[in-house]
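Descriptive analysis of the structure
The residues making up each chain are set out below.
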Amino acid sequence: MSLHRLSSRLRQVATQVRQLHISGNGQQLEAVAVEADAGVARELCFFRTRETDPAFHAEVHLGQYYTLPSSHLRTLFPHGLPYRFQLQMKTFNESCVMVRQPALEIISHLKKTDFSKPAIRYLLYGVNGSGKTMSLCHAVHYCYTQGWLVLHIPDAHLWVKNCKELLPSSSRPSRFDQPVEASHWLKNFKTTNEPFLSKLKTTQRYVWTKRESTEEGSTLAELVEQGLTRVRSSSDVVGALLRELRMQAGGSLEGQREHGALRVAVVVDGVNALWGQTTLKKEDRTALVPEELTLIHNLRKMVKNDWCGGAIISSLSQTGSLFTPKHAFLPQELLGEDGFDSMDPFVPVPVSNYSEKEFESCYLYYLDRNWLQHPHSRTEEGKKEMIFLSNRNPTVFERLCASL
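Residues numbered from 1 in each chain as written. Predicted model: local features only at pLDDT ≥ 70, side-chain atom pairs only at ≥ 80, totals over all residues. Heavy atoms only, no water.

Concerning the pairing of strand S10 (residues 310-315)
The buried fraction of S10 amounts to six of the six residues, a majority that puts the element mostly inside the structure. When strand S9 (residues 264-269) meets S10, the two strands line up parallel, connected through six bridges. Looking at S10, one finds that alanine 265 is bridged to alanine 311. For the crossover that starts at S9, traverses helix H10 (residues 294-302) and ends in the parallel S10, the hand is right-handed. (Buried < 20%, exposed > 50% of the residue type's maximum accessible area, 1.4 Å probe, protein only. Helix = DSSP H or I, 4+ residues; strand = E, 2+ residues; numbered from the N terminus. Pairing = 2+ DSSP bridges. Right-handed = clockwise from strand over helix to strand, strands pointing away.)

As for empty space enclosed by the protein
Throughout the structure, instances matching the rule amount to one cavity of 30 Å³ or more. Taken as a whole, the largest cavity holds about 50 Å³ of empty space. Around the largest cavity, the lining residues are Leu76, His79, Val150, His152, Trp185, Asn188, Phe189 and Thr192. Elements represented by at least two residues in the lining of the largest cavity include exactly strand S4 (149-153) and helix H7 (179-197). It is H7 that provides the largest number of residues to the lining of the largest cavity, a total of four residues. Its residues placed into classes, the lining of the largest cavity shows four nonpolar, four polar and no charged. (1 Å grid on protein atoms, 1.4 Å probe; cavity = no way out; pocket = protein on both sides within 12 Å on 5 of 7 lines; lining within 4 Å. Points joined across faces, edges and corners; volume = space filled by probe spheres on them. Nonpolar A, V, L, I, M, F, W, Y, C, P; charged D, E, K, R; others polar.)

Things to note about unusual backbone geometry
Put simply, aspartate 344 and proline 345 share a cis peptide bond, and its omega is 5°. Within the secondary structure, proline 345 is located in the loop between helix H11 (331-343) and strand S11 (347-350). You will see that arginine 285, though not glycine, has its phi angle at about 70°, which is positive. With respect to the helices and strands, the residue arginine 285 is situated in the loop between S9 and H10. The residue asparagine 391 is not glycine, and still its phi comes out positive at about 55°. Turning to its location among the elements, asparagine 391 is positioned in the loop between helix H13 (380-390) and helix H14 (394-402). The exposure class of asparagine 391 is exposed, given its relative accessible area of 55%.

So, helix H5 (residues 101-111)
Burial in H5 covers these residues: Pro102, Ala103, Leu104, Ile106, Ile107 and Leu110. Buried residues in H5 make contact with strand S3 (120-125), helix H6 (132-145), S10 and S11. (Contact = heavy atoms within 4.5 Å.)

Section: the confidence of the model for the chain
Mean pLDDT over the chain works out to 86, with 87% of the residues at or above the 70 mark. In this model residues 1-44 is a low-confidence stretch, pLDDT under 50, and it forms 27 contacts with partners more than four residues away in sequence or in other chains. (pLDDT = per-residue confidence, 0-100.)

Topic: the environment of alanine 273
By secondary structure assignment, the location of alanine 273 is in the loop between S9 and H10. For alanine 273, a relative accessible area of 3% corresponds to the buried category. Put simply, alanine 273 and tryptophan 159 are 114 residues apart on the chain and 8.3 Å apart in space, counted from C-alpha to C-alpha.

What to know about H7
Since the α-helix turns once every 3.6 residues, residues separated by three or four places project in the same direction. Taking 1.5 Å per residue, 19 residues should reach 27 Å; H7 reaches only 21 Å between its end C-alpha atoms and comes up short. Within the span of H7, buried status applies to Pro179, Glu181, Ala182, Ser183, Trp185, Leu186, Asn188, Phe189, Thr192, Asn193, Phe196 and Leu197. (Expected span 1.5 Å × (residues − 1).)

Focus on the pattern of salt bridges
Under the definition given, this model contains 16 salt bridges. Of the charged contacts, one joins glutamate 358 and arginine 100 as a salt bridge, the two residues approaching to 3.3 Å between their closest N and O atoms. Here the residue glutamate 358 occupies a position in helix H12 (residues 356-368), and arginine 100 occupies one in the loop between strand S2 (96-98) and H5, the gap between them amounting to 258 residues. By the burial criterion, glutamate 358 is buried, and arginine 100 matches it. Its salt-bridge partner being aspartate 177, residue arginine 232 comes within 3.6 Å of it at the nearest N-O pair. In this pair, arginine 232 sits in the loop between helix H8 (220-229) and helix H9 (234-248) while aspartate 177 sits in strand S6 (residues 176-177), placing the two residues 55 residues apart along the sequence. Taking relative accessible area as the criterion, aspartate 177 reaches 0% and is therefore assigned buried. One connected set of salt bridges, linked through shared partners, spans Arg48, Glu94, Asp368 and Arg369. (Salt bridge = Lys/Arg side-chain N within 4 Å of Asp/Glu carboxyl O.)

Observations concerning the nonpolar core
Core analysis: the biggest nonpolar cluster contains 55 residues, and Leu151, Trp185, Phe189, Leu241, Leu245 and Val271 have the highest contact counts within it. Of all elements in the fold, only S3, S4, H7, H8, H9, S9, H10 and H11 reach the threshold of two or more residues within this core. What leucine 245 contacts, discounting residues up to four positions off in sequence, is Leu149, Leu151, Phe189, Leu200, Leu220, Val264 and Met302. Core analysis: the next-biggest nonpolar cluster, separate from the first, contains 34 residues, Leu76, Met134, Cys137 and Val349 among them. (Core = buried A, V, L, I, M, F, W, Y, C linked by side-chain atoms within 4.5 Å.)

Structure below.
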């Protein structure tokens, strides 16, 4: 749908309204004007859908943008949204996500899953900038609206590089704790899942120091609070929390009859970091391997499919990956032999660049938000140039439009 056709339609509407006004027929004017406005609204909203619940998204919504409710945005995504998308939210004063096939595929699988069986692993992969993280967030939003507990790791690569503080573990001498990263993650986990934390109880006693412990039967809220108030033990608290969730997933949830059993969504963006290399060094200047980090050790256990009552949704990321080829994007390239064997079996979900329909939708959305200011960018010739320069890659197209 070109801008030329849209402009012609608007001129036809204006002509019809002007002629009817001259005729003086008030009722006919009102009827035709409403019908014409509805037709124009349909054209203008080609790239939008009013359906904000991911559970009702279907093939008919492909390529359309839906709006994330502000209440969900604050609780579900205190972290996890890409930095460029957050800037776009502030600029456009709204948070819109495009409905794409990879997210619909995962949502469709989740609706048909038998949760009495081991958790199924889904792995999003694709070229850099193709929209893996946004498709991941769309699937996470579905889990959240269905009353799932969401365990979200927005970028696993941040746990294996540029660590602010690295300390020998007090409970496992062969491992190393990252108290700053652990406490930050616990804070965001609490924001997203606070309604669940008072209903779930610990199944054993956890000892942190000679004087501090969390007794069996304590709420998970107390467990999380221990990690927030005693940062030194936050890495061990994360491990205890993940263990409790694995054990209790699929069980009954007190006061949650409408959803029945507890469902847990384990979401890891950049899951290949769990088997890659690190930039962290020990005191003797030798390199740390991921397994020596307490957080990575416990997260590896969480992405195993030896527990029931949930799903593991992950993505591969080359952006923050260390010491890997720039253009690598396939699972066997980024996961490596050990990672691929650990993740197998999984459901591969490819994420490609925009289709023609998706690109047109994104282009019209940017026009609607007045994001494209250069006169040539609003012409058919200018649009063809942007298609050529971006190859319909979502990230490249967004950065290209930012300068127009």
